[in-house]
Structures are given as C-alpha cells and as structure tokens.
Amino acid sequence: MADKRKANNEQSLVAVKRSKTAGAIIAAGPKRTSSLKAPIMLLTGHGAEVFSAKFNSDGSTIASASFDRQIYLWHTNGECDNYSVMTGHTGAILEIHWSTDDKTLFTASTDKTCAVWDAETGERIRRLRGHTSFVNSCCPAKNEPYVVTGSDDGTIKLWDSRRRNFLHSLANKYQVTAACYAATANQVITGGLDNVIKVWDTRKLDVAISMVGHKDTITGLRLSPDGNHVLSNSMDNTVRMWDVRPFAKDRLVKTFVGAQHNYEKNLIKCSWTPDGKHIGCGSADRNVYIWNVDKGNILYRLPGHTGTVNEVAFHPNEPIVVSASSDKSLYLGELNL
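The sections below set out a description of the structure shown in this document. (Residues numbered from 1 in each chain as written. Predicted model: local features only at pLDDT ≥ 70, side-chain atom pairs only at ≥ 80, totals over all residues. Heavy atoms only, no water.)

Turning our attention to the overall build of the chain. When helices and strands are counted, the chain shows zero helices and 31 strands. With the principal axes as the frame, the chain shows a C-alpha extent of 75 × 45 × 35 Å. Across the chain, contacts joining residues at least 24 apart in sequence account for 45% of those joining residues at least 6 apart. Total accessible area computed for the chain in this model is approximately 15300 Å², and 47% of it derives from carbon and sulfur atoms. Of the charged side chains in the chain, 40 are positive and 34 negative; the average position of the first set lies 3 Å away from that of the second. (Helix = DSSP H or I, 4+ residues; strand = E, 2+ residues; numbered from the N terminus. Contact = heavy atoms within 4.5 Å. Areas by Shrake-Rupley, 256 points an atom, 1.4 Å probe, with all protein chains shown as cover. Lys, Arg positive; Asp, Glu negative; His and termini not counted. Charge placed at Lys NZ, Arg CZ, Asp CG, Glu CD.)

Here it is in structure tokens:
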C-alpha cells in the first residue's frame, strides 16, 4: 500500500564521494534528521481525497481519513505499511483524532455522525448521533472522555464518548466548520461561516470570548501545546494566532500568509510542532507551508502533491511532517527545524 522514495544505484538522492584519506565512502548531502527509511516517503492506498491525518502520541502510527469513507492506519517507520483499514461511515470522513491514550479514534463525517473507534481492533465502539447535517469537525478533550463536534446544522454538541446521547447542544447562527477543546474541558473553541472564533464556557453554555479578524470562513482550529493560544486557518488566505488566556488584552497575536484556498473550499487544517515554535498548514496550491512562529516567516514550502493539501501534522518526537491531500496520497518528510 505504501510506496517509498529512496536512493538507488542509478538515481541516487544523495551524492556519494570517496574520501582521499582512507578510501572510505562518505555520503555527501543533507544530514539525515529522522528515523524515516528515506527522507521522503509516499503513502498510497486511499481511493479518494484524503482530508485528515494524525500521528499517535509516540509517533509510531499515522491515522488517515478520506472521502472514500475509510480510515487507514500506517506504520511511520520502515516501509510505512498500511496495516489496518476501518470501515463503517456512510459519508466522507472530514476529520480524525486520536485519544490521549491512543486506544481510541474519533471521526467526523458527512453522514451526520461522529464515530468512536477501537484503534487496536478496528471496531466501531459507538456512533454519536444527534446532528441533522454534515459533521465538519470533532475533537476529544485531553485526558478526558469528552468530545466536541461542529456541524452544518449550526450547532456545537458536547458528548461523553461513553454514552450515545449528547450532553449539551450550543446554538450558533451559522454553520460550524471547526471545533477544538481549550486547555481544559470547561471551554471549547469554534469557528464557522460567520468568520468569528468563539470560546464557549461549557458550564454556562454561552460564549465567553469572541475574536474577530478573519474575513472569510474558518476552516481549521488547533490549540497550542501550552494551551495559551489557538491557531486558525481561514478562506481569507491567512493563518492567525490568537491569545485565548482569560484576561488577555490583545487577542490577535500574529498573522501568517502564504497558504491559499480556492474554489474547492476545502476545510484545510493547521497544526503546531510539539514545542510550539513552528506551525504548518495545507494549501490549495498543492504545497505544505511551515512558518517560524516568532519571526512569522515561511521556513518551508514543500511541493510534491498534485492536489490540495488538506492537513499537515507533526511527529511528536522527531522533525517529521505528514501531509494529507486531495490527490489521494500522503507524504512523510523529514525537516531540519
């Protein structure tokens, strides 16, 4: 299922030169920075656009989700084998997440449900029903059994993944296209067609903070590793960093430009490196964009895909990035950060 790109005798990716001193063979080229079998690995097997991909907590496994309604699990190292396929959704899968302990997967789908999966057996544990239209986004709370979902029906629903029915439903005037938990389960962050990022208090069931600045639909949200900031991607072709601490004066911290959206209007997602020093985002121009957070400049613009890059995710322990694309493939690449 997985293709690999590595050096061979005829077309070597790494130039080789002979040492003058002892006749030893020394590789000349970029120093390897990861445990990947090759600096770039191509993963193929999905039958349609790949909308989402995530590493598990130790980086040994990648979960990907697609328009083909299937979830694939891949080994990160070695040949990047696809070792498990999960089926059960009757619509495209738009987002996937691992639980904190890696035992469970959560998926949001156009079949109006969020599904809970056993990552080891591949069985669907539960189907969370309650939305009346596409579920665009889902996100589990850290170290807790709660899940938040956002839907085209204009609601945000809060779930206990051990139960079938939702705990609470929050009404939003417009479709909700992105949702994530804040640092604790007491707050969720959402974005949608109204271009506004809202922080909801899950105890009062009301909006605690509204952050205005984007000029078009929010397509992705991701909380920073330290829990102090949220990253947002929008169809206005900007990625923005917001301060979500309770008493912050200036909410908008920084704006990053480069990544593009187009007529496809895909829900392109954004991501942080584990140390919070870099961010990444997919793009409709088929490139992967990676920025330095402090300086705001583009460090990498990585080509290779032949379709929109819908999500970018970073390895938790190594400088490795995975990208999921509408060209039905995923790329793994090592970075020098």
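This brings us to the sheet that holds strand β17 (residues 176-181). With antiparallel pairing, four strands are arranged side by side in an open sheet as β17-β18-β19-β20. Strand pairing shows two members of the sheet lacking a second neighbour, β17 and β20 (206-211), which therefore form its edges. The mean angle between the axes of side-by-side strands here comes to 25 degrees, regardless of whether they run parallel or antiparallel. Taken together, the five bridges between strand β19 (residues 197-201) and β20 define a ladder with antiparallel strand orientation. Along β20, the bridge assignment pairs tryptophan 200 with valine 207. (Pairing = 2+ DSSP bridges. Axes fitted to C-alpha atoms, helices over the stretch in contact; angles between N-to-C directions.)

Here we take up the packing of aromatic side chains. Taken as a whole, this structure holds five aromatic pairs when the rule is applied. Where phenylalanine 256 meets tryptophan 291, the ring centres are 5.9 Å apart and the plane angle is 55 degrees; that geometry is what we call tilted. Here the residue phenylalanine 256 occupies a position in strand β24 (residues 252-257), and tryptophan 291 occupies one in strand β27 (residues 288-292), the gap between them amounting to 35 residues. As far as burial versus exposure is concerned, phenylalanine 256 and tryptophan 291 are alike and both buried. Ring pairs connect the aromatic residues Phe256, Tyr289 and Trp291, which therefore count as one cluster. A cation sits over an aromatic face here: lysine 157 above phenylalanine 166, 4.4 Å from the ring centre. (Phe/Tyr/Trp six-rings, centres within 6.5 Å; stacked < 30°, edge-to-face > 60°. Buried < 20%, exposed > 50% of the residue type's maximum accessible area, 1.4 Å probe, protein only. Lys NZ or Arg CZ within 6 Å of the ring centre and 35° of its normal.)

Estimated volume of the largest pocket: approximately 1000 Å³. Taken together, 31 residues make up the lining of the largest pocket; nearest its centre are His97, Lys142, Arg222, Leu223 and Pro225. Within the residue set of the lining of the largest pocket, elements represented by two or more residues are β5 (50-55), β9 (93-98), β13 (135-140), β17, β21 (218-223), β25 (270-272) and β29 (309-314). (1 Å grid on protein atoms, 1.4 Å probe; cavity = no way out; pocket = protein on both sides within 12 Å on 5 of 7 lines; lining within 4 Å. Points joined across faces, edges and corners; volume = space filled by probe spheres on them.)

Honestly, that's just the spatial picture; any functional story needs more than this.
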